[in-house]
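# Commentary on secondary and tertiary structure
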Amino acid sequence: MNIFGKSVTYAFLIISSFVFIIPFIWMVSTSLKEPGAIFAFPPQWIPDPFLFQNYKSAWTIAPFQQFLENTVTIVVLTTIGTVISSSIVAFGFARLVFRGRNVWFAILLASMMIPYEVTIIPLYVEFKLLGWIDTLRCLIVPSFFGAAFNIFLLRQYFLTIPYDLDEAAIIDGCSTFQVYWRIMLPIVAPALVTVAIFQVMNAWTDFMGPLIFLNDQRNYTLTLGLNLFRNSYLTEWNNLMAIASLVTVVPLIIFFIGQKYLIGGIAASGIKG
Amino acid sequence: MNKMTRQFEGYSFIGLWIIGFMAFSLGPLLFSLIISFFKWSLLDKPVFIGLKNYIDMFKLDPLFWKSLKVTFTYAVVSVPLGLIVSLLLAILLNLKLKGMGIFRTLFYLPSVITGVAAAVLWMWVLQPDFGILNYFLSFLGIQGPDWLGDPNWALTSLIMMSVWGSGGGIVIFLAGLQNIPQLLYDVSSIDGATKFRQFRAITIPMITPSIFFNLIMGVIGAFRTFTQGYVMTNGGPLNSTYFYALYIYNKAFQDLQMGYAAALSWILFIIIAVLTLLVFKTSSSWVYYETERKG
């Protein structure tokens, strides 16, 4: 490419990335401003002074500590649940031969089409009958039964492992469960990380589930807390942006650490070009 | 190992999912179909009313049609727009120039902010008097509208926001682009193909599977849009952002019309199923997979 083409490309990339990134900068900048500077015109890009205590005060206006604890509980337990259960099921689909396997796998694929919005009303009724409404159980327990997309993803990984390995292990006296647990799991560890990342992101940002299943403020998650905070007339934009920034920190860190796993996961799900 | 133990073993591994599927997916799905034939407020006894919920919906409920229209408009505009933007950016990022890793991260970042955090952030960006969008527009001499408060602009605002978050698609397109053998470009340029012709005859056909994937995910995602409507506009102004999923939620959990909401949700299920099948069925005519070369 010639120098002209290169400069045009760079100019375009710089301008468009600026457009993509500016709301972000605006969020962090607002979160550090003093109340009087929020409505300054023209906008003040670099806060003067930097008010880091906005974060602390916003955090204590509403019980965000409690919301954080609830969110972390859900994130940790659902991630453990989905990684273990999805990998067990995926192992069954990929490595064991039994009657009905293909039919069930077809059902699994079809089940990905069922939207949450359709099942959530009866789920609400079901959880109400079980006495689970307004407990974190509604959001945690289902993750221990495998998630269709994760099962599909992990099955693709399991299929790439040579079968000699299973046979050799069984001749050496491993039970099928030991083959899964001691031989296969370590091999597919990168895929487990991918699944874990997806789950952490989903659970961290989930809004509709908590909105429907949780009522008492003590059980609120961060996203519900942020929405509650937004609805309060006392809330200033700087405090709101401080909380929004804090809520965004976790997905950001995970994104930076897990970039290669995310991309690897997408590639492995069989979408080729 | 005999046949019986094999069966037993297989089902003891996948059984976990089968139970979960029955309890949390298929069961609720069928239960939802059943209660869609009832009038039920959750507090009293359900009353069987046959197809009345469905008939009322189609004949007597303007809000049903309005929310369908809003959701369709949103899907039809935001999905192709997001695809075009992310494909264009992916093609640029795929050029072998310095610093592309940084740009890739910058474009991807917004898609990391989702849900309520993104909604709250955009309420501030779109704020009519002090938001930065109208500030930048004022440079061009444009007096920006009251984005979320104006029925003519509210849905447009949410579409802009969705394009901003379409960076996730860039990654998928990049993976697709990087899988195209360089050989195809080399050979065709020896034959005198222009860059534009290469783009049309090589790049586009080779990445159609990625386009396909992004399209399905995008359409389904658009039909399930809820958070923006709930947090930012509450369906307003004048119902201009009254998304279908928001309507289901309000019918069920605000008006406590469980049967009616279940009927609404079944219509959503059918729409998503039909669209997905449609995209799958037609895909063979426009999706090119390397392994199934046709003559």
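An unreviewed UniProt entry lists chain A under the name Carbohydrate ABC transporter permease, with Paenibacillus arenilitoris as the source organism. Per its UniProt entry, chain A bears the Sequence similarities (unreviewed entry) comment "Belongs to the binding-protein-dependent transport system permease family." Word for word, the UniProt comment on chain A under Subcellular location (unreviewed entry) is "Cell membrane".

### Section: the overall build of chain B
Along chain B, the regular secondary structure elements total 13 helices and two strands. Taken over C-alpha atoms, the radius of gyration comes to 24 Å for chain B, far larger than the 19 Å a tight globule of 295 residues would show. Along the three orthogonal principal directions, the C-alpha set of chain B runs to about 75 × 75 × 30 Å. Residue burial in chain B is summarised as follows: out of 295 residues, 53% are buried.

### Examining the domain arrangement of chain A
Residues and elements named next belong to chain A. Domain annotation for chain A reports domain 1 (3-51) and domain 2 (58-268). Taking only C-alpha atoms into account, the centre of domain 1 sits 34 Å from that of domain 2. Contact with domain 1, which involves ten residues of that partner, is made by nine residues of domain 2. The interface formed by domain 1 and domain 2 contains zero salt bridges. Between the two partners, domain 1 and domain 2, sit one residue pair in polar contact (both at pLDDT 80 or more).

### Considering the packing of aromatic side chains
Summed over all chains, the structure comprises 54 aromatic pairs over all chains. Measuring from ring centre to ring centre gives 4.6 Å for F255 of chain A and Y108 of chain B, while their planes differ by 20 degrees; the resulting arrangement is stacked. With one member in each of two chains, F255 of chain A in helix 14 (residues 237-268) and Y108 of chain B in helix 4 (residues 100-112) form a pair that bridges those chains. With a centroid separation of 5.4 Å and an interplanar angle of 25 degrees, the aromatic rings of F226 of chain B and Y230 of chain B are classed as stacked. Each residue in the set F18, W26, F39, W45 and W237 of chain A together with W124, F130, Y135, F136 and F139 of chain B is aromatic and connected to the rest through ring pairs, giving one cluster. Over the aromatic face of Y163 of chain A sits the side chain of R95 of chain A, whose NZ or CZ is 4.1 Å from the ring centroid.

### Remarks on unusual backbone geometry
Of the consecutive residues D48 of chain A and P49 of chain A, the connecting peptide bond is found in the cis state with omega at 0 degrees. If you trace the backbone, P49 of chain A turns up in the loop between helix 2 (35-38) and helix 3 (53-61). Here the residue pair G236 of chain B and P237 of chain B is connected by a cis peptide bond, since its omega of -15 degrees sits within 30 degrees of zero. Relative to the helices and strands, P237 of chain B is located in the loop between helix 11 (227-233) and helix 12 (244-254). Unlike most non-glycine residues, L42 of chain B shows phi in positive territory, near 80 degrees. The backbone phi angle of N234 of chain B is positive, close to 50 degrees, even though this residue is not glycine. Inspection of the secondary structure puts N234 of chain B in the loop between helix 11 and helix 12. The exposure class assigned to N234 of chain B is exposed, which follows from its relative accessible area of 52%.

### Considering the packing of helix 3 (residues 62-93) of chain B against helix 10 (residues 195-223) of chain B
Residue and element names in this part refer to chain B. Running from amino to carboxyl end, helix 3 crosses helix 10 at an angle of 140 degrees, the nearest separation of the two axes being 10 Å. Judged by the twist between their axes, the crossing of helix 3 over helix 10 is right-handed. Listed contacts from helix 10 to T71, F72, Y74, A75, V79, L83, L87 and I91 of helix 3 are F199, I204, I207, I211, N214, L215, G218, V219, A222 and F223.

### A look at helix 12 of chain B
Residues spaced three or four apart along an α-helix point in a common direction, a consequence of the helix completing one turn every 3.6 residues. A large share of helix 12 of chain B lies buried, amounting to ten of its eleven residues. The first or second residue beyond helix 12 of chain B is L256 of chain B, which carries a positive phi of 50 degrees.

### Let's talk about the side chain of T71 of chain A
Tracing the chain through its elements places T71 of chain A in helix 4 (residues 64-95). Looking at T71 of chain A, its side chain comes within polar contact range of the main-chain oxygen of F67 of chain A, at 2.7 Å.

### Observations regarding the side chain of S240 of chain B
Within the secondary structure, S240 of chain B is located in the loop between helix 11 and helix 12. Dropping the residues within four chain positions of it, S240 of chain B is found in contact with K66, V70, P151, A154, L155 and G235 of chain B.

Procedures and definitions
- Residues numbered from 1 in each chain as written.
- Chains lettered and ligands numbered in written order.
- Predicted model: local features only at pLDDT ≥ 70, side-chain atom pairs only at ≥ 80, totals over all residues.
- Heavy atoms only, no water.
- UniProt positions renumbered as here; feature names shortened; annotations may be inferred.
- Helix = DSSP H or I, 4+ residues; strand = E, 2+ residues; numbered from the N terminus.
- Rg over C-alpha atoms; globule rule 2.2 N^0.38 Å.
- Buried < 20%, exposed > 50% of the residue type's maximum accessible area, 1.4 Å probe, protein only.
- Domains from an automatic or database assignment.
- Contact = heavy atoms within 4.5 Å.
- Salt bridge = Lys/Arg side-chain N within 4 Å of Asp/Glu carboxyl O.
- Polar contact = N/O pair within 3.5 Å; in protein donor to acceptor, adjacent residues only side chain to side chain.
- Phe/Tyr/Trp six-rings, centres within 6.5 Å; stacked < 30°, edge-to-face > 60°.
- Lys NZ or Arg CZ within 6 Å of the ring centre and 35° of its normal.
- Axes fitted to C-alpha atoms, helices over the stretch in contact; angles between N-to-C directions.
- Left-handed = near helix turned anticlockwise from the far one by under 90°.

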